[in-house]
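# Inside the fold
The lines below spell out each chain.
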Amino acid sequence: MRGGMGNMQNMMRQMQKMQKKVSEEQNNLDATEFTGVAPDDMVKVTFTGDKTMKDIAIKPEAVDPDDVDMLQDLVVAAVNDAMKKITDETTKTMGKYTKGLPRM
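Now for a quick tour of the structure. (Residues numbered from 1 in each chain as written. Predicted model: local features only at pLDDT ≥ 70, side-chain atom pairs only at ≥ 80, totals over all residues. Heavy atoms only, no water.)

### What to know about the overall build of the protein
Let me state the cut-off plainly: Helix numbers and strand numbers start at the N terminus; a helix is a DSSP run of H or I with at least 4 residues, a strand a run of E with at least 2. Accessible area is worked out with a 1.4 Å probe on protein chains only. A residue is then buried under 20% of its type maximum, exposed over 50%, and partly exposed in between.
Check the secondary structure of the protein and you find two helices and three strands. Taken from N to C terminus, the helices and strands of the protein fall in the order α-β-β-β-α. Dimensions of the protein along its principal axes, counting C-alpha atoms only, are 80 × 25 × 15 Å. Relative to its 104 residues, the protein shows a buried fraction of 21%.

This is how it looks when you write it as structure tokens:
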């Protein structure tokens, strides 16, 4: 009977270590900055890993009062590029903890 409790305590310690490591990696990921760019670098956006926008830079030549739609498309492209980078890095970094677990 004692062996079963020892295994359970050992497993709990391992889970606590893993939980701490996951939390540290998530905090590091949240603090990492990701830059998304539109074609020709006309628009650049910077987000943190927790998807908070920190900066946007728009080249003056991207601003055409007669073609606001183009600027909007460039902003959307840059934001989507940054979001993809965040998702890819999150999957790469955190995926090792969820590999093999069933999806809910």
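The discussion continues.
### Quick notes on helix H2 (residues 68-98)
Quick note on the threshold: Multiplying 1.5 Å by the helix residue count minus one yields the expected span of that helix. Two axes enter the definition of the bend at a residue: one is fitted to the seven residues ending there, the other to the seven starting there, and the bend is the angle between them.
Between its first and last C-alpha atoms H2 spans 43 Å; for 31 residues at 1.5 Å apiece the expected length is 45 Å, and the two agree. The largest bend along H2 measures about 35° and falls at lysine 92. Residues Leu71, Leu74, Ala78, Val79, Ala82, Ile86, Thr93, Met94 and Tyr97 constitute the buried set of H2.

### A look at the nonpolar core
Heads up, the rule is: Definition of nonpolar core: a set of buried residues of the types Ala, Val, Leu, Ile, Met, Phe, Trp, Tyr and Cys, connected through side-chain atoms within 4.5 Å. Should any heavy atoms of two residues lie within 4.5 Å, those residues are considered in contact.
Ala38, Val43, Val45, Phe47, Ala62, Leu74 and Ala78 are the most contacted members of the largest nonpolar core, which totals 16 residues. Those elements that place two or more of their residues in this core are strand E2 (43-48) and H2. Apart from residues lying up to four places away in sequence, alanine 78 is in contact with Gly36, Val37, Ala38, Val43 and Val45.

Interpretation note: all reported values are geometric properties and have no functional meaning in isolation.
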